[in-house]
Amino acid sequence: MKVFRTVDAMQQHARSVARTGRTHALVPTMGALHDGHLALVREALDHADHVTVSIFVNPTQFAPDEDYESYPRTLDADREQLDALGVDAVFAPSVDEMYPHHADDTLAGPLAWVTVDRLNETLCGRYRDGHFRGVTTVVTKLFNACRPDVAVFGEKDAQQLVILRRMTDELLFDIDIVGVPIVRAPDGLARSSRNAYLSEDERAQATVLSDAVSAARARIEAGEQRAEAVVGAMQQALRSAPDARVQYAEVVDAHTLRPVDTLHPGQDVLAAVAVFFGDTRLIDNAFVTVPAA
Ligand code: AMP
């Protein structure tokens, strides 16, 4: 497995992959790899002849009060796992490589940003100022550095997936976006690098997130069409964790990400929650198609 640290070396490699007629899949990650990431890698290996995994903790998607500094960084262990799976290349650039002007104080840092309007205003976007601008900007840079034909993302970050599909479409990137269902621990908790921050007691309580989105799915599939009742079912599940601080529990249209009042037969909706345990913020969601009446 090759490891590239610079954009130049990565681009050269990507060109050589293309020259030999091989298809190239990219799996963008921030490292601290777990089973969720590995499911994305397996999907990528099924989709292309050559797989690159990027590992980059992207500073611009963290707000100043978030966990950029303390985010787990486990590059050696990550490399071993990826090598064992048969990944061809790892792209692990520095901040200087990805943001060449970030320390440029004449014009105060990076000036070029990619933004997807509107879809970034609901759910997590309402609470994480600038987060999705950071994500869309870094993913654009990763696309330019790695030149993939396919890019694989998790449904765990549902709003991110919707935004990146829209970005790829509107900006005419010639890249197929593949989404992978959420990978969960046996008790239902969605795998996340941030689960490592939870105390034993918080970890036990954190199953309420998957309980909440399962309850939402069950209510919708049983024919409930009032969003308020679906949200009520999620809130009830979340209340059983004494230390949970709910940031949001919502049902939105899965394409526009706008809140819905009444669910319509055939409509794709997204039931999503964000919950704090102490300083640790966890998210979960379910994409559901509303059944015919
Ligand atoms: P991250 O390293 O947190 O930026 O995540 C990298 C990619 O892995 C994103 O596309 C995530 O949506 C995806 N991912 C993270 N956790 C999971 C999970 N439990 N199941 C499926 N995909 C996941």
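Residues numbered from 1 in each chain as written. Predicted model: local features only at pLDDT ≥ 70, side-chain atom pairs only at ≥ 80, totals over all residues. Heavy atoms only, no water.

**Quick notes on the domain arrangement of the protein**
In terms of domain boundaries, the protein breaks down into domain 1 (2-180) and domain 2 (193-287). Taking the mean C-alpha position of each, domain 1 and domain 2 sit 26 Å from one another. The interface is formed by 23 residues belonging to domain 1 together with 18 residues belonging to domain 2. Here domain 1 packs against domain 2, burying approximately 1800 Å² in sum over the two surfaces, 59% of which is carbon and sulfur. Counting across the interface, domain 1 meets domain 2 through 2 salt bridges. For the pair domain 1 and domain 2, the number of links is 8 residue pairs in polar contact (both at pLDDT 80 or more). For the side of domain 1 that touches domain 2, the secondary-structure elements that each account for two or more residues are α5 (123-127) and α7 (158-170). Here the element with the most residues in the side of domain 1 that touches domain 2 is α5; it accounts for 4 residues. Residue composition of the side of domain 1 that touches domain 2, by class: 10 nonpolar, 6 polar and 7 charged. (Domains from an automatic or database assignment. Contact = heavy atoms within 4.5 Å. Buried area = accessible area lost by both parts, 1.4 Å probe. Salt bridge = Lys/Arg side-chain N within 4 Å of Asp/Glu carboxyl O. Polar contact = N/O pair within 3.5 Å; in protein donor to acceptor, adjacent residues only side chain to side chain. Helix = DSSP H or I, 4+ residues; strand = E, 2+ residues; numbered from the N terminus. Nonpolar A, V, L, I, M, F, W, Y, C, P; charged D, E, K, R; others polar.)

**Examining the pairing of strand β6 (residues 176-180)**
Here strand β5 (residues 150-154) runs beside β6; their pairing, made up of 5 bridges, is parallel. Bridge pairing in β6 links Val 152 to Val 178. Remark: the β5/α7/β6 crossover connection has right-handed handedness. (Pairing = 2+ DSSP bridges. Right-handed = clockwise from strand over helix to strand, strands pointing away.)

**What to know about the site of the ligand**
In the vicinity of the ligand lie 17 residues, with His 37, Gly 154, Asp 157, Val 183 and Arg 191 positioned nearest. Here an oxygen atom of the ligand sits 2.9 Å away from a polar atom, N or O, in the main chain of Gly 154. In this structure, Arg 191 approaches the ligand through a main-chain N or O atom, which is 2.8 Å from a nitrogen atom. Coverage of the ligand by the protein amounts to 92% of the 490 Å² it exposes when considered alone. If you list the elements that add at least two residues to the shell around the ligand, you get β2 (24-29), α2 (35-47) and β5. At 3 residues, the largest contribution of residues to the shell around the ligand is made by α2. Each residue belonging to the shell around the ligand can be placed in one class, and the counts come to 8 nonpolar, 6 polar and 3 charged. (Near = heavy atom within 4 Å. Areas by Shrake-Rupley, 256 points an atom, 1.4 Å probe, with all protein chains shown as cover.)

**Some words on the nonpolar core**
Ranked by size, the top nonpolar core spans 41 residues in total, and within it Phe 91, Met 98, Val 139, Phe 143, Phe 153, Met 167 and Leu 270 carry the most contacts. Secondary-structure elements contributing two or more residues to this core are α1 (7-19), β4 (89-91), α5, α6 (131-146), β5, α7, β7 (244-253) and β8 (268-277). Ranked by residue count, the leading element in this core is α6, at 8 residues. Of the residues that make up this core, three or more belong to each of domain 1 (2-180) and domain 2 (193-287). Here Phe 143 is in contact with Leu 26, Pro 148, Ala 151, Phe 153, Met 167, Thr 168, Phe 173, Ile 175 and Ile 177, once residues within four sequence places are set aside. Core analysis: the second largest hydrophobic core is formed by 30 residues, Val 208, Leu 209, Val 230 and Leu 282 among them. (Core = buried A, V, L, I, M, F, W, Y, C linked by side-chain atoms within 4.5 Å. Buried < 20%, exposed > 50% of the residue type's maximum accessible area, 1.4 Å probe, protein only.)

**Comments concerning α2**
Compared with the 18 Å implied by 1.5 Å per residue over 13 residues, the 18 Å span of α2 between its first and last C-alpha is a close match. The complete set of buried residues in α2 reads Gly 36, His 37, Leu 38, Ala 39, Leu 40, Val 41 and Ala 44. Looking at the buried positions of α2, the neighbouring elements they touch are β2, β3 (50-55), α3 (75-85), β5 and β6. (Expected span 1.5 Å × (residues − 1).)

**Looking at the packing of α1 against α6**
Where α1 contacts α6, the two axes come as close as 7 Å, and the packing angle between them is 55°. Taken together, the axes of α1 and α6 are oblique relative to one another. Residues Val 7, Met 10, Gln 11 and Ala 14 of α1 lie in contact with α6, whose contacting residues are Asn 144, Ala 145 and Cys 146. For the contact of α1 with α6, the residue count by class is 5 nonpolar, 2 polar and no charged. (Axes fitted to C-alpha atoms, helices over the stretch in contact; angles between N-to-C directions. Parallel < 35°, antiparallel > 145°, perpendicular 65-115°, else oblique.)

**A few points about unusual backbone geometry**
Of note in this structure, Ala 32 is not a glycine but carries a positive phi near 50°. Note that Ala 32 resides in the loop between β2 and α2. Even without a glycine there, the phi angle at Leu 257 is positive, about 60°. Relative to the helices and strands, Leu 257 resides in the loop between β7 and β8. We classify Leu 257 as buried; its relative accessible area is 0%.

**Observations concerning the pattern of salt bridges**
Close approach of charged atoms allows side chains with opposite charge to pair. Enumeration according to the criterion identifies 10 salt bridges in this entry. Among the salt bridges present, the one from Arg 217 reaches Glu 221, with a minimum N-O distance of 3.7 Å. Taken as a pair, Arg 217 and Glu 221 lie in helix α9 (residues 207-221) at a separation of 4 residues, close to a single helical turn. Of the residues examined, Arg 217 reaches a relative accessible area of 31% and is grouped as partly exposed. Salt bridges linked by common partners bring Arg 219, Glu 224 and Arg 226 together as one network.

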